[in-house]
Amino acid sequence: MKSDLKNVTIIGSGAWGSALADLVQRNDCHVQIWSRQSQSSLAALVSNSDAIISAVSIKGVRTIAEKLQTAKLLPHAVLVSATKGLEPTTGKTPSQIWQSLVPNHPLVVLSGPNLSKEIMEGKPAATVVASYNDDAAQFIQNIFASRNFRVYTNSDPIGVELGGTLKNVIAIAVGACDGLNLGTNAKSALIARSLIEIIRVGVYFGAQPETFWGLSGLGDLLATCNSNLSRNYQVGYAIAQGLSLDEAIAQVQGTAEGVNTANVLIEISDREKISVPVSRYVYRLLKGEITLQQAVEGLMERDLKPENLENLEL
Ligand SMILES: NC(=O)c1ccc[n+]([C@@H]2O[C@H](COP(=O)([O-])OP(=O)(O)OC[C@H]3O[C@@H](n4cnc5c(N)ncnc54)[C@H](OP(=O)(O)O)[C@@H]3O)[C@@H](O)[C@H]2O)c1
Ligand SMILES: O=P(O)(O)OC[C@H](O)CO
C-alpha cells in the first residue's frame, strides 16, 4: 500500500469529524468533509479517496455505510470507523456494521482518550488505530500522526472499539458520582470495577482482554471519567443536580452515546447473562426506575465477594 496517498474524506462535521479533519490537514493531506448538509454527493466525493473516515454518531452509521456500499471506491480505499456506540436494533458495533455492508475494503477502528476540544487546541494526545489488516492500520497511523498526536497500531479492532463505546455508560455513572460529591475513593472504585465489567462484555464480543488495559480501554475510561468536557460525564453530573434525563441531554452540546449504549448493553447482558452491575444501575437510573441515591445504595449493598480478577468472564 502506498504511504504517500493523501486524498481523505471525513464523513460527519460534528465535533469529532471536525477534529479529525484538523489532524489530517496537519499532515498535508487533501481533506474533504461531507455532512448531511453538503450539496455534493457522497458517492462523487469518495470516488477518489484513499481513506474514508466515518465520524458520525451511531444512529447515522448504517445509512452512511449503505451509501458507500453502492458507491464506486478506489480498490485500495481504507475505511476508518471513529464512532463509539452500539446499534439499537442489532446490538452491532460500528465496525461490525461496516464489515457487513462494505466487506471488500480494509477497515480500521480509531479510538482512544480523545476529547475533541483538547485536540482542536493542539494539546498532546494519543490514540489507537486497530485493524486485522496491518498495512491499512499503518497507513492510517501515518495519515493522523503528528508531533501532538501519537498514534499506535493494534490488531484487535473489536476490543479497541468496545473500550471507547462501553466507557460512555461508565462516564455517566462517574459524572453522577462527582455531581453528588461522593469523593475520590468512590470514583476510583467505580472506575476500577467498571473496567472489569467492560472486559466481560468485550470477551463476549471476541475482544482480547488485554486490549482494555491500553489507551482505548483504561486510557479512554480515565479521560472520559475525569473531564467535564465529556458529554456523557455531563449527563451524569446534570442528573445528580436534579435534572431529568431529557433536561440533561438538552443541556449537553452534541451526542452523548452512553444513553443509547446503556439500553443496548443491558439487552445484550440480559440475553447473554453477563454481569454488568454498574452499567445496569446507570440503565435503571436513566429509565427512571430508581433514584440516584438508590443506585448508590444498591451498588454498595451488593453481595460481598472476592475481587476475582482471574476470572473476568463471570
Ligand atoms: N467529540 C469527541 O470528543 C469524540 C471523540 C471520539 C469519538 N467520538 C465519537 O464520534 C461520534 C460523533 O461524535 P461527535 O462528537 O462528532 O458528535 P456531534 O458533534 O453531536 O455530531 C454528530 C455527528 O453525527 C452525524 N449524524 C448524526 N445523526 C446522523 C444520521 N442519522 N445520519 C448521518 N449522520 C448523522 C452528524 O452529522 P452531520 O455532520 O451531517 O450533522 C454529526 O457529524 C460519536 O460516536 C462519538 O462518541 C467523539
Ligand atoms: O464527550 P464524550 O463523552 O462523547 O467523550 C468523548 C470521547 O469519547 C473521549 O475520548
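Predicted, not measured: the structure shown is a model, and the values here were computed from it. (Residues numbered from 1 in each chain as written. Chains lettered and ligands numbered in written order. Predicted model: local features only at pLDDT ≥ 70, side-chain atom pairs only at ≥ 80, totals over all residues. Heavy atoms only, no water.)

## Considering the site of ligand 1
- Of all residues adjacent to ligand 1, which total 23 residues, the nearest are S13, R36, S116, T255 and E257.
- Backbone polar atom of K84 to an oxygen atom of ligand 1: 3.0 Å apart, as the coordinates give it.
- Side-chain polar atom of R231 to an oxygen atom of ligand 1: 3.0 Å apart, as the coordinates give it.
- Coverage of ligand 1 by the protein amounts to 86% of the 870 Å² it exposes when considered alone.
- For the shell around ligand 1, the elements supplying multiple residues, two or more each, are helix 1 (15-26) and helix 3 (58-69).
- In the shell around ligand 1, the residues fall into six nonpolar, 12 polar and five charged. (Near = heavy atom within 4 Å. Polar contact = N/O pair within 3.5 Å; in protein donor to acceptor, adjacent residues only side chain to side chain. Areas by Shrake-Rupley, 256 points an atom, 1.4 Å probe, with all protein chains shown as cover. Helix = DSSP H or I, 4+ residues; strand = E, 2+ residues; numbered from the N terminus. Nonpolar A, V, L, I, M, F, W, Y, C, P; charged D, E, K, R; others polar.)

## A word on unusual backbone geometry
- For N181, which is not glycine, the phi torsion reads 60 degrees and is therefore positive.
- Here N181 lies in the loop between helix 7 (157-179) and helix 8 (184-205).
- Phi angles above zero are rare outside glycine, and K273 is one such case at about 55 degrees.
- Here K273 shows up in the loop between helix 12 (258-272) and helix 13 (277-286).
- On the accessibility criterion, K273 (73% relative accessible area) is exposed. (Buried < 20%, exposed > 50% of the residue type's maximum accessible area, 1.4 Å probe, protein only.)

## What about the packing of helix 8 against helix 9 (residues 215-225)?
- At a minimum axis separation of 11 Å, helix 8 and helix 9 run at an interaxial angle of 145 degrees. Judged by the sense of rotation from one axis to the other, the crossing of helix 8 with helix 9 is right-handed. In this structure, helix 8 uses K187, I191, L195 and I198 to contact helix 9, whose residues at the interface are L218, L221, L222 and C225.
- In the contact of helix 8 with helix 9, the residues fall into seven nonpolar, no polar and one charged. (Axes fitted to C-alpha atoms, helices over the stretch in contact; angles between N-to-C directions. Left-handed = near helix turned anticlockwise from the far one by under 90°. Contact = heavy atoms within 4.5 Å.)

## Structural notes on the UniProt feature "binding site: sn-glycerol 3-phosphate" (unreviewed entry) in the chain
- This chain's UniProt record puts "binding site: sn-glycerol 3-phosphate" (unreviewed entry) on K84, G112, K167, D220, S230, R231 and N232. Lining the largest pocket, from this annotated set, are K84, K167, D220, S230, R231 and N232.
- Locating K167 in the fold gives a position in helix 7.
- Taking the relative accessible area as the measure of exposure, K167 reaches 5% and is therefore buried.
- Ignoring sequence-local partners within four residues, the contact set of K167 consists of K84, L162, I198, D220, L221 and T224.
- Counting through the fold element by element, S230 comes out in the loop between helix 9 and helix 10 (231-240). (UniProt positions renumbered as here; feature names shortened; annotations may be inferred. 1 Å grid on protein atoms, 1.4 Å probe; cavity = no way out; pocket = protein on both sides within 12 Å on 5 of 7 lines; lining within 4 Å.)

## Re the pattern of salt bridges
- Across all of its chains, the model carries 10 salt bridges by this definition.
- Put simply, K117 and E121 hold a salt bridge, and the shortest N to O gap is 2.8 Å.
- Assessed through its relative accessible area of 47%, K117 is described here as partly exposed.
- Judged by its relative accessible area of 43%, E121 falls in the partly exposed class.
- Here R280 makes a salt bridge to D270, at a shortest N to O gap of 2.6 Å. With R280 in helix 13 and D270 in helix 12, this pair connects stretches of sequence that are 10 residues apart. (Salt bridge = Lys/Arg side-chain N within 4 Å of Asp/Glu carboxyl O.)

## Topic: the layout of surface pockets
- Approximately 1100 Å³ is the volume found for the largest pocket.
- Around the largest pocket sit 40 residues that line it, and A15, W16, A55, R231 and T255 are the ones nearest its centre.
- Counting only elements with at least two residues in the lining of the largest pocket, the list comes to helix 1, helix 3, helix 5 (116-120), helix 7, helix 9 and helix 10.
- The element contributing the most residues to the lining of the largest pocket is helix 3, with five residues.
- Split into classes, the residues belonging to the lining of the largest pocket amount to 12 nonpolar, 19 polar and nine charged. (Points joined across faces, edges and corners; volume = space filled by probe spheres on them.)

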